[in-house]
Amino acid sequence: MARTLTFSIFRYNPQDPASVPHMQEFRLEETESMTLFIALNRLREEQDHSLQFDFCCRAAICGACAMVINGRPGLACHSKTKDYPDKITLMPLPVFKLIGDLSVDTGTWFRGMAKRVESWCHTKKIFDPTAQEERMDNALAERIYELDRCVECGCCVAACGTALMRDDFLGAVALNRVARFVLDPRDERSEQDYFDIIGTDEGVFGCMGLLGCQDVCPKSLPLQEVLGKLRLKMAFAAANHLLPRFLRREIKL
Amino acid sequence: MSIPSYATHNPRANCRSSAYLDWLQMLSGACLVIFMIMHLFFVGSVIISPSLMNGLSDVFEWTGMAQIGGPVIFFLLLLHFVLAARKIPFASKQQGIMLADARRMHHLDTWLWVIQAVSGMVILVMGSIHLWTVLTDLPITAEKNAMRLRDSAGWVSFYVVFIPIVWLHTGIGFYRIMVKWGVVGIDGRSSLRQKDALVVAAAMIIGFATLLRFIFLSK
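Bear in mind that the values here come from a model prediction, so they are computed numbers and not experimental data.

> What's the story with the overall build of chain B in this structure? I'm lost.
Along chain B, the regular secondary structure elements total eight helices and zero strands. Along chain B, helices (α) and strands (β) appear in the sequence α-α-α-α-α-α-α-α when read from the amino end. Each principal axis of the C-alpha distribution contributes one length, and for chain B these read about 65 × 40 × 35 Å. Within chain B, buried positions represent 26% of all 219 residues. In chain B, the share of contacts with a sequence separation of at least 24, taken over all contacts with a separation of at least 6, comes to 78%.

This is the structure we're talking about:
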């Protein structure tokens, strides 16, 4: 027997002065292997053409469809309806600017984040297009890639109590990004350079270890370990000059 | 929008204070965890025999650990509170955001933090009362504790509340240090949480057994 699902969806259009934020209920027959991507598209096609939400790849690669599903941030295309009860509540991601209904502007936030942590390889080497590309150890390349799998969906920021409370907190995505450049031998930034970016209460020391980021990340990035090691690395970077030689540590990520 | 909320003339914000304060918060917490375990064995020794506890107490007295160590622990408690309180929102709007987040997400670790924040406030008051009462009436003896508890239902109810709150805070604090400082990886997290819960339960049982032993001492 197919279930009839009840969707309770946040509706609000900030562009329309007459619009008031409210929850609207929709009913839909569940089909086999139905994802929220399928459900929302059917709702828009069959029941309400004005429903706003973002989708692009429908394969958990673009990160556009992040929303709060029954209280937890997640990717709609990556969420099967069979894993949820009969009633599914959908809300837009907090923190980010609301475009309308379930659609938020993560792009502006992520651009700000990328500028703040200077999310690019800092190098003084002049690019020589004729030279052979520099080689990198495969294991290291894979470790960098593991952190680079982030799709910038914003779930970790929306799940973080600290980020919700303090809008200047960098969030797991930014700290993960910094860790990715710390690992990368092509980036010539020193430990002090990284410390200047994240060694503050808005950075890694502001993280309260709630681990919401780890538990909602749709790409299962190792955020708990990245944040833990980054905290340790930055803490020793600040304290090493005070410590006796045998206690000094250079933490490798 | 995530842009720096203030401007500075110093191009390098070379300030290590956040790091130092975070170190101190963790280290003061870790010291208090170690102290609590030692404290458990010390007062718990009364279950075996009141004279064993009195003997240990004499050692603390002769070595000056009670006279100096006691106030040091008091200071650590206050220091730890102030350092940890930097992270606890004071504005009700922010508190509301945090609570709403924990409720909406049904997320255990966010709830653990809420428990830490609330129990920390309770421990600041109750711990101060406990430390003041004990340290202004040195030396610590099993008989004195027994007297205090026998004569007053107030003191008994005080410890009935205080013991579980302290162990909850100690256990969660230990777990949070382990995950926050990267000591335990992703795979070890849930098993650490289970083991930690077992140790906390055992500590609470020993704590209550100690309380009962004091109440019924030499009756």
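> When you look at helix 2 (residues 50-62) of chain B in this model, what are you seeing that I'm missing?
Quick reminder: α-helices carry 3.6 residues per turn. Residues three or four places apart thus point the same way. The end-to-end C-alpha distance of helix 2 of chain B is 18 Å, a good match for the 18 Å that 13 residues give at a rise of 1.5 Å each. Of the residues trailing helix 2 of chain B, glycine 64 of chain B is marked for its positive phi of about 80°.

> What is the right way to read the sheet that holds strand 2 (residues 22-29) of chain A from this model?
Either a parallel or an antiparallel arrangement is found when strands of a sheet pair, and the pairing is made through backbone hydrogen bonds. All names here are of chain A. Spatially, 2-1-5-3-4 is the arrangement adopted by the five strands of the open sheet, whose pairing is mixed. In this open sheet, the two strands that pair with only one neighbour each are strand 2 and strand 4 (72-75). Taking each pair of neighbouring strands and ignoring which way they run, the sheet shows an average axis angle of 35°. Across eight bridges, strand 1 (residues 4-11) lies against strand 2 in antiparallel orientation. Following the sheet pairing, serine 8 is matched in strand 2 by glutamate 25. In the packing of helix 1 (residues 36-46) onto the sheet, the strands contacted are strand 1, strand 2 and strand 3 (66-69), and the crossing angle to strand 2 comes to about 100°.

> Would you mind showing me how to read the environment of glycine 154 of chain B here?
Residue and element names in this part refer to chain B. Within the secondary structure, glycine 154 sits in helix 7 (residues 153-180). Glycine 154 sits in the exposed class, given 9 other C-beta atoms within 10 Å. Taking the C-alpha atoms as reference points, glycine 154 and serine 191, separated by 37 residues in sequence, lie 38 Å from one another.

> Mind showing me how you'd approach the nonpolar core here?
Soluble, globular proteins show a tendency: their nonpolar side chains are buried together. One finds Cys65, Met67, Cys156, Leu175, Val178, Cys213 and Met234 of chain A to be the most contacted residues of the largest nonpolar core, which totals 96 residues. The element that contributes the greatest number of residues to this core is helix 7 of chain B, accounting for ten residues. Residue assignment places this core across two domains, with domain 1 (4-104) and domain 2 (117-247) of chain A each supplying three or more. Filtering out sequence-adjacent residues up to four positions away, valine 178 of chain A remains in contact with Val117, Tyr194, Ile197 and Ile198 of chain A.

> I would appreciate a short explanation of the confidence of the model for chain B in the present structure.
Segments scoring low in pLDDT should not have their predicted coordinates read at a detailed level. Per-residue confidence for chain B gives a mean pLDDT of 87, with 93% of residues at or over 70. Predicted complex, confidence summary: ipTM 0.88, pTM 0.89.

> What is the right way to read the interface of chain B and chain A from this model?
Interface size is commonly expressed as the accessible area that is lost once the parts come together. Counting from both sides, the interface comprises 35 residues of chain B and, opposite them, 35 residues of chain A. Taken together, the elements giving at least two residues each to the side of chain B that touches chain A come down to helix 1 (17-48), helix 4 (92-105), helix 5 (108-135) and helix 7 of chain B. Ranked by residues supplied to the side of chain B that touches chain A, first place goes to helix 4 of chain B with seven residues. For the side of chain B that touches chain A, a count of residues per class yields 15 nonpolar, ten polar and ten charged.

Rules used throughout
Residues numbered from 1 in each chain as written. Chains lettered and ligands numbered in written order. Predicted model: local features only at pLDDT ≥ 70, side-chain atom pairs only at ≥ 80, totals over all residues. Helix = DSSP H or I, 4+ residues; strand = E, 2+ residues; numbered from the N terminus. Buried ≥ 20, exposed ≤ 12 C-beta atoms within 10 Å, placed from the backbone. Contact = placed C-beta atoms within 7 Å. Expected span 1.5 Å × (residues − 1). Pairing = 2+ DSSP bridges. Axes fitted to C-alpha atoms, helices over the stretch in contact; angles between N-to-C directions. Core = buried A, V, L, I, M, F, W, Y, C linked by C-beta atoms within 7 Å. Domains from an automatic or database assignment. pLDDT = per-residue confidence, 0-100. Nonpolar A, V, L, I, M, F, W, Y, C, P; charged D, E, K, R; others polar.

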